[in-house]
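Coordinate inspection notes
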Amino acid sequence: MALTRADVEKVALLARLRLTEPELGTMTEQLTQIVGYVDQLAEVDTEGVEPMAHAVEVTNVFADDVVAPSLPREAALANAPRQNGRGYLVPPVLGE
Amino acid sequence: MSIVDRPASELRKSLASGELTSVELTQACLDRIVAHDQSIGAFLRVDGERALEQAKSVDKRRAAGEKLGPLAGIPVAVKDVLCDSQAITTCASRMLAEFRPPYDSTVVARLKQADAVLLGRTNMDEFAMGGSTENSAFQPTRNPWDTTRTPGGSSGGSAAAVAARFAPLAIGTDTGGSIRQPAGLCGIVGMKPTYGRVSRYGLVAFASSLDQVGPFATTTEDAALLLEAVAGHDPRDSTSINRPTPAYTESINKPLAGLKLGIVPEHFGAGLDPEVSTAVKSAIEVYKSLGAEVKEVALPHGKYGVAAYYVIAPSEASSNLARYDGVHYGFRADQSSALADLAAERQAFVAAGNAAAADNVDSPLVRMYRSTREAGFGPEVKRRIMLGAYALSAGYYDAYYLKALKVRRLIRRDFDEAFKQVDLIVGPVTAGPAFKLGEMVDDPLAMYLVDLYTVSANLAGIPAISLPCGMTKAGLPIGLQLQGPPLEEDRLLRGARMFEAATDWHTKQPTLAGAK
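Residues numbered from 1 in each chain as written. Chains lettered and ligands numbered in written order. Predicted model: local features only at pLDDT ≥ 70, side-chain atom pairs only at ≥ 80, totals over all residues. Heavy atoms only, no water.

Quick note on the threshold: UniProt positions are given in the numbering used here, feature names are shortened, and annotations may be inferred rather than shown by experiment.
Within an unreviewed UniProt entry, the label attached to chain B reads Glutamyl-tRNA(Gln) amidotransferase subunit A, and the organism entered is Lacipirellula parvula. Quoted verbatim from the Sequence similarities (unreviewed entry) field of UniProt, the annotation for chain B is "Belongs to the amidase family. GatA subfamily." Annotation of chain B in UniProt includes, under Function (unreviewed entry), the sentence "Allows the formation of correctly charged Gln-tRNA(Gln) through the transamidation of misacylated Glu-tRNA(Gln) in organisms which lack glutaminyl-tRNA synthetase. The reaction takes place in the presence of glutamine and ATP through an activated gamma-phospho-Glu-tRNA(Gln)."

An unreviewed UniProt entry lists chain A under the name Aspartyl/glutamyl-tRNA(Asn/Gln) amidotransferase subunit C, from Lacipirellula parvula.

Quick look at the structure:
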């Protein structure tokens, strides 16, 4: 299936990416090609086949509810590009 | 023969007997890296000082008669995707160029417990996405057998480091073939264990249901040694399998009596390089001469492996990589310019009399996310995130993602059926020998097809190993792949060792430029 530039722009927004004009062109072409290849999955009869999300059948893993130390705040914030020692700093979410 | 040319199993004996110290061995590795890594580019960072300190400490403890771990004093190179609280962990991405993990991954912790010497961090495709190590944001890695060629990927740095004898052992990760393919192209042993055999805790996630950590070595015995040290249940990884780890090193030299090998006719079809085909067929003859029975088995859904993989892996990647938002850790694009751009876009709409459209322009926070990810990720990572976001988006989820998961189940069933008839499946690991750097960078689909023989094992979660089985006329290594049923690493290693014991392909080494 051929993707349009508008499809690719929409997916880029969903994926929180920005693409330059030339990237948009290349990406549209390459994704169309890859999706075209992937389309061969349609020929497989999967009627009644359970999807397999994991390589080993995952079962619930229960752990005792024991309080243990978690990552100290300082360590959690240490790699943040902007922080004030108490939390992460981000551009305004509401208003300007 | 220099110290660094010897396999880890021998080095262990020499270290134990006192004939060699870990400091001497570590220094020899570091010297070789200094002499040759400029032309290979296997390492992103070499941690010489720390390595020598660890070596010194092991030597001291050995002299004091202390009980030491199974890798005591042996240098190991680690792919830059496993968190180490004492080392920057970049995943070869600008996004994590300065990232200092606050904890050790379980694999790194186990290497430390085993008293291994951590030599440095090896290059890789950014976030392990790629088949040539050219997608690293920092440098390409070159194949030690021919520096105009790629070592394969994504664990190309680890494979090249072992092939060039910079380190006797290295750790890689395999999501669609990223250990086995570079091992094949570099003429060494590489193994992908059963999914869940090795903990993924602290492994920077790419496609969580497929990623598995595994060993690189020059011999199967060394691969067994390294796997034994890092495998085992980990309560911090909920997908970790709670089963004891067999002592692979103890059983490895016991040949498998009455071995039944399966071959898949499609693995020898169009697209397979004739020299690779010949080498793999001769390897099968070697097995026959050792008494193995060889029969054809069918993996009818194998041909859909790459298609299923390139839906599932990017889908999981698009979700896993959502965490790189410029907020919690890692790179953030310069906000002032991103926000100025945003204001300018708004104004342009207003000036054009389209105030409503101006409201649809990103918020400052979303613009910060988008510009951060635009600047922080390389082209292949963007391509996979886009592909995954597309496959998971409303309207396409059933046709792509869900469909791929169903095909995945059929692929696994094929293996289950085949392993009722045979013990192991044998075939090529790659369709051709190492390709030229730059040859496929502009053709992502062609690059994806290099995973043809390896992806199915990841989809099915089964263990598989690649070992050297020949050489092209041009002097490039050829790999042989063995695949086994879940949790049968022991069988796989013993089966691989049978071939290795009967041949000498694993002893071949590249001649490095300027090397004596």
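1. A few points about the overall build of chain A
Rules: Numbered from the N terminus, helices here are DSSP runs of H or I no shorter than four residues, and strands are runs of E no shorter than two. With a 1.4 Å probe rolled over the protein chains alone, any residue whose accessible area is under 20% of its type maximum counts as buried; one over 50% counts as exposed, and the rest are partly exposed. We call two residues in contact when some of their heavy atoms are within 4.5 Å. In this description, accessible areas are obtained by the Shrake-Rupley approach with a 1.4 Å probe, and a residue is regarded as covered only by the protein chains that are shown. The charge count includes Lys and Arg as positive and Asp and Glu as negative, but it does not include His or the ends of the chains. Where a charge sits is defined by one atom per residue type, namely NZ (Lys), CZ (Arg), CG (Asp) or CD (Glu).
The number of helices and strands found in chain A is three helices and zero strands. Written out in order from the N terminus, the α and β elements of chain A read α-α-α. For chain A, the spread of C-alpha atoms along the principal axes amounts to about 50 × 45 × 25 Å. By residue count, 30% of the 96 residues in chain A fall in the buried class. For chain A, long-range pairs separated by at least 24 residues make up 29% of all intrachain contacts whose partners lie at least 6 apart in sequence. Split by element, the accessible area of chain A, about 6500 Å² in all, is 54% carbon and sulfur. Positive and negative charge centroids in chain A, built from 7 and 15 side chains respectively, lie 20 Å apart.

2. Overview of the overall build of chain B
Going by this rule: Atoms counted for the radius of gyration: C-alpha only. Globule rule: 2.2 Å times residue count to the power 0.38.
In terms of regular secondary structure, chain B is built from 18 helices and eleven strands. Here chain B has a C-alpha radius of gyration of 23 Å; the compact-globule value for 516 residues is 24 Å, and the two agree. Judged by the C-alpha coordinates and their principal axes, chain B covers about 80 × 55 × 45 Å. By sequence separation, contacts in chain B at least 24 residues apart represent 77% of the contacts at least 6 residues apart. Summed over its atoms, the accessible surface of chain B is roughly 17500 Å², and 51% of this surface lies on carbon and sulfur atoms. Taken as two groups, the 55 positive and 57 negative side-chain charges of chain B have centres that lie 3 Å from each other.

3. What to know about the UniProt feature "domain: Amidase" (unreviewed entry) in chain B
The positions that UniProt labels "domain: Amidase" (unreviewed entry) are, in the present scheme, residues 24-493 of chain B. Helix makes up 41% of residues 24-493 of chain B and strand 13%, whereas the separation of the span's terminal C-alpha atoms amounts to 30 Å.

4. Concerning helix 4 (residues 106-113) of chain B
Residue and element names in this part refer to chain B. The buried fraction of helix 4 is high, at six of eight residues. Within the span of helix 4, buried status applies to T106, V107, V108, A109, R110 and L111. Buried residues along helix 4 sit in contact with strand 2 (75-79), strand 3 (117-122), strand 4 (169-174), strand 6 (212-217) and helix 7 (220-230). Within two residues after helix 4, D115 carries a phi angle of roughly 65°, on the positive side.

5. Let's talk about the UniProt feature "active site" (unreviewed entry) in chain B
All names here are of chain B. The following threshold applies: Two N or O atoms count as a polar contact when they lie within 3.5 Å, although within protein this holds only if one can serve as hydrogen donor and the other as acceptor, and sequence-adjacent residues are included solely when both atoms are side-chain atoms.
Residues given the UniProt feature "active site" (unreviewed entry) here are K79, S154 and S178. In three dimensions, the annotated residues from a span of 100 residues occupy one location, with a maximal C-alpha spread of 11.2 Å. Looking at where S154 falls in the secondary structure, it is placed in the loop between strand 3 and helix 5 (156-163). Excluding anything up to four places from it in sequence, S154 contacts K79, N123, M124, D125, A128, M129, G130, T133, T173 and S178. Polar side-chain contacts of S154 include one of 2.8 Å to the side chain of K79. The residue S178 is located in the loop between strand 4 and helix 6 (180-186) in this model.

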